[in-house]
Amino acid sequence: MRPNIVSEAGVQTRLAQWWEGLPFLTSAVVFVCTTIYLVCLLAGYDSFYEICFLPSAVISRFQVYRIFTAILFHGSLLHVLFNMMALVPLGSELERIMGSVRLLYIIILLATTNALLHLLIALLVAYNPIKPFEYLMDECAIGFSGVLFSMIVIETSLSGQQYRSVFGLFNVPAKWYAWILLVVFQLVMSNVSLLGHLCGILSGFAYSYGLFNFLIPGPSFYSKIEASSLLSTCVRRPKFILCTGGNPSAFIPTYSSQGTTSSGLFSGNLWRNLSSWIPQRETSSQATQDGHMFPGRGRTLGSAQGQAVSDVDSESNLQARLLDNSDSEHPSDAGQQLSDGRQTLNNTVAAGAEIPIHHQDYVASEEEIQKLVSMGFERTQVEVALAAADGDINVAVEILSQQG
């Protein structure tokens with residue numbers, strides 16, 4: 001009897017398909033870090049003290065190369081395995097939002113800021129006059145986990161989820177997720193760099209709240225890099241994700257307003273930013289997780305009528321908002337658009353004349369609008385996208401990104 005075709009595929013084919021599904025930069029970082037570890041293992045190289053991030057060596061001998069060598073080398077098989085397993089989902093999601101070149105720039109930026117914060121905190125703690133801890137200057141930090149903690153903060157702030165699962169054991173509020181991971185790793189694992197992970201979290205929050213916006217170039221910078229002949233081979237690969245077509249502010253995902261380079265710390269809106277970090281919609285953790293795994297509008301069998309009613313309500317809501325905006329910006333065209341809107345709505349109603357219509361228009365809250373406006377989108381587009389997404393912020397972000 002001929003065996004099943006699925007079983008014939010085998011693990012190797014499935015791994016190849018999984019690898020091909022990873023975006024370009026994420027797969028490249030996994031390949032580089034894994035290859036470096038295997039080469040060190042086969043060559044018997046274990047002098048990590050020469051390449052790790054060592055505050056005393058950076059200051060006394062100005063060995064700034066340690067900022068980047070430290071994130072590429074790993075000390076053990078479990079070390080590189082856990083870090084790369086965490087990078088795959090985080091890097092894939094952020095790369096699909098930002099683009100390959102932009103994410104590479106963000107990783108370099110986060111690695112640099114992590115190192116500077118690490119150096120600053122080590123200096124302050126090691127030489128404080130009350131109780132100095134000079135051993136911090138000779139603490140050797142190595143691995144990609146510092147950047148991973150930054151990416152966790154950024155991805156969590158962008159996802160809009162209220163709760164996160166810690167290793168599938170228990171759920172915690174999303175705003176405390178990175179901090180709880182920091183404590184869990186310190187308690188469960190030995191020889192973990194508390195300062196390295198802490199600086200990663202701080203850099204992630206600083207980026208999320210727009211403190212690094214003055215260091216982030218505009219879209220033209222990434223477009224020029226993508227158009228260069230040096231990257232022509234990479235850009236042609238199907239796994240490569242272009243930065244064009246995304247948010248024109250080039251600051252995603254942050255909470256600073258579009259076209260503003262000032263720090264959120266001094267803008268007078270710090271408390272509003274902090275309070276709006278987690279959406280105020282009341283949804284259960286199970287419903288949130290199900291919606292994340294299965295995006296879109298669910299519909300059971302025999303619910304065609306309900307779907308048609310929803311489409312009519314959505315059409316009516318969108319037309320009303322578009323007419324309001326057009327009336328304020330282009331009064332002369334308001335009459336024509338009003339007639340067009342009514343005609344569209346009438347056609348929709350006529351197609352389902354036997355369906356009773358009960359309007360329950362979704363009205364976006366000011367907090368949801370401000371959350372998306374602070375990410376760089378225009379208010380008019382935000383209101384229309386929220387109406388089209390029925391208040392789902394994740395779907396609204398996708399709509400706005402596609403429109404950009």
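Residues numbered from 1 in each chain as written. Predicted model: local features only at pLDDT ≥ 70, side-chain atom pairs only at ≥ 80, totals over all residues. Heavy atoms only, no water.

Caption draft 1: View of the side chain of H118. By the element assignment, H118 lies in helix α6 (residues 100-126). Under the relative-accessibility criterion, H118 is labelled buried at 4%. With sequence-adjacent residues up to four places away left out, H118 is seen in contact with F53, P55, E139, A141, S193, L195, G196 and C199. (Helix = DSSP H or I, 4+ residues; strand = E, 2+ residues; numbered from the N terminus. Buried < 20%, exposed > 50% of the residue type's maximum accessible area, 1.4 Å probe, protein only. Contact = heavy atoms within 4.5 Å.)

Caption draft 2: The state of the cysteines, seen in detail. All chains considered together, the criterion is met by one disulfide. Each sulfur in the disulfide pair C52 and C140 lies 1.7 Å from the other. Between C52 and C140 the sulfur-sulfur dihedral comes to about -130 degrees; the bridge is accordingly left-handed. In this pair, C52 sits in the loop between α2 (24-43) and α3 (55-60) while C140 sits in the loop between α6 and α7 (145-159), placing the two residues 88 residues apart along the sequence. (Disulfide = S-S within 2.5 Å.)

Caption draft 3: Quick peek at the environment of L109. Position of L109 among the secondary structure elements: in helix α6. Classification of L109 as buried rests on a relative accessible area of 11%. Along the backbone, L109 and Y207 are 98 residues apart, and their C-alpha atoms lie at a distance of 9.5 Å. Not counting the four nearest positions on each side in its chain, L109 is found in contact with F212, L215 and I216.

Caption draft 4: Main features of the pattern of salt bridges. Taken as a whole and assessed by the stated rule, the structure comprises three salt bridges. One salt bridge connects R164 with E155, and the closest N-O pair in it is separated by 2.9 Å. A relative accessible area of 13% places R164 in the buried class. As a salt-bridge pair, R379 and E366 come within 3.0 Å of each other at their nearest N and O atoms. Residue R379 is found in helix α17 (residues 379-388), and its partner E366 is found in helix α16 (residues 366-373); the two are separated by 13 residues along the sequence. Under the relative-accessibility criterion, R379 is labelled partly exposed at 34%. Given a relative accessible area of 42%, E366 falls into the partly exposed group. The structure contains a network of salt bridges with shared partners spanning E366, R379 and E383. (Salt bridge = Lys/Arg side-chain N within 4 Å of Asp/Glu carboxyl O.)

Caption draft 5: Looking closely at the packing of α16 against helix α18 (residues 393-403). One way to put it is that α16 packs onto α18 with a least axis distance of 11 Å and a crossing angle of 40 degrees. Taken together, the axis directions place α16 and α18 in an arrangement best described as oblique. Relative to α18, the crossing made by α16 is right-handed. In this structure, α16 uses E368, K371 and L372 to contact α18, whose residues at the interface are I393, A396, V397 and L400. Here the residues of the contact of α16 with α18 sort into five nonpolar, no polar and two charged. (Axes fitted to C-alpha atoms, helices over the stretch in contact; angles between N-to-C directions. Parallel < 35°, antiparallel > 145°, perpendicular 65-115°, else oblique. Left-handed = near helix turned anticlockwise from the far one by under 90°. Nonpolar A, V, L, I, M, F, W, Y, C, P; charged D, E, K, R; others polar.)

Caption draft 6: Structural detail: the nonpolar core. The biggest cluster of nonpolar side chains holds 47 residues, and the ones touching the most others in it are L87, F144, M151 and Y207. Elements that contribute at least two residues to this core include exactly α2, α5 (77-98), α6, α7, α8 (177-188) and α9 (194-208). For L87, the residues in contact, after removing those within four places along its chain, are T26, V29, V30, S92, F144, L148 and M151. With 15 residues, the next largest nonpolar core counts M375, L386, A396 and V397 among its residues. (Core = buried A, V, L, I, M, F, W, Y, C linked by side-chain atoms within 4.5 Å.)

Caption draft 7: Structural detail: unusual backbone geometry. Even without being glycine, F62 reaches a positive phi, approximately 55 degrees. By the element assignment, F62 lies in the loop between α3 and α4 (66-72).

Caption draft 8: Quick peek at the confidence of the model for the protein chain. Looking at the protein chain as a whole, the pLDDT averages 74, with 68% of positions reaching at least 70. Per-residue pLDDT stays below 50 along residues 245-312; that stretch engages in 119 contacts with residues further than four places along the chain or on separate chains. For residues 348-360, every residue scores under 50 in pLDDT, and the model assigns this stretch 14 contacts once sequence neighbours within four places are set aside. (pLDDT = per-residue confidence, 0-100.)

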